[in-house]
Amino acid sequence: MQLNSTEKQILLKAAREAITANFRGESYDDPSSRQLPNLNTRSGAFVTLTKNSHLRGCIGYIQAPYNLFDTVCDAAVQAAMHDPRFPHLTEDELVKVDIEISVLYPPYDIDDYSEIELGKHGLILDEPKNRALLLPQVATEHHMDVPQFLSALCEKAWLPANEWKKRKLKLQVFSADVFSENEERKDDYA
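Quick summary incoming for the structure in this document.

Analysis parameters
Residues numbered from 1 in each chain as written. Predicted model: local features only at pLDDT ≥ 70, side-chain atom pairs only at ≥ 80, totals over all residues. Heavy atoms only, no water. Buried < 20%, exposed > 50% of the residue type's maximum accessible area, 1.4 Å probe, protein only. Salt bridge = Lys/Arg side-chain N within 4 Å of Asp/Glu carboxyl O. Helix = DSSP H or I, 4+ residues; strand = E, 2+ residues; numbered from the N terminus.

Backbone geometry places asparagine 52, a non-glycine residue, at a positive phi of 55°. Phi is positive for serine 53, which is not a glycine, with a value near 65°. A relative accessible area of 72% places serine 53 in the exposed class.

Structure (C-alpha cells):
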C-alpha cells in the first residue's frame, strides 16, 4: 500500500478532527474516506503529537484493530488523552500541536543486529515481560547509531541499556510511511 498525498491529508485532518470531537464527547467520521481503498485496509499506525518540537504524546498500533482511517482516529485520541507520560492534552493546546502519522508496514524478525538499517527500520522488542517499540524516525531525529538505537529500545522496555550486548534480544524491524502537518511530505522511512 502506498498512500497518495490526498489520502495523507485526509488522515492528518481526521487525526485532528478526532481529537477535537473527543473534547465535545463525540466521535469523528468522514464518510468520503470509506470510498478510498487504502484508508479501508488494515495497517498499523502511530500518531505522534509534538508541541514546540517536543513530544506531547505518541500512541499507536503495530497491528491494526480497525481500518487505517479508524486506527488513525483512535490513535490520535489515545495519544492526546491517554499517553501515560503526559497529562491529558487540553483543548487550548490542540492549536499548538503538530500531528505526525506513521503508517506501518508489516514487521518481520531479524537474525542479527547488523540487519538494522537506520532511517529505514523501526524496532520492536517483544519478549514475555518486556515490550517496546521505536519508530524509524527516532534514530535519525536523535542522531543515533545502531548501538544507541538498541540501548534506547532496551531502556524503553525497562531493561538495562546494555542488555542487547549481553544476549540476543527477540527483535522485529518494520518500515513506515511518515508524514505530518508540519511538512507537506516527509521522506518515507520505507
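This is not the end of the story, as more comes after the structure.
This brings us to the pattern of salt bridges. Counting across every chain of the model gives 11 salt bridges. A salt bridge links glutamate 26 to arginine 24, with the shortest nitrogen-to-oxygen separation between them at 3.3 Å. Between glutamate 127 and arginine 167 there is a salt bridge, with the nearest N and O atoms lying 2.9 Å from each other. Of this pair, glutamate 127 sits in the loop between β5 (122-126) and β6 (131-134) while arginine 167 sits in the loop between α6 (163-166) and β7 (171-174); the two residues are 40 residues apart in sequence, bridging distant segments of the chain. Under the relative-accessibility criterion, glutamate 127 is labelled buried at 10%. Through salt bridges with shared partners, a single ionic network connects Asp29, Arg34 and Asp70.

That is the geometry; function is a separate question.
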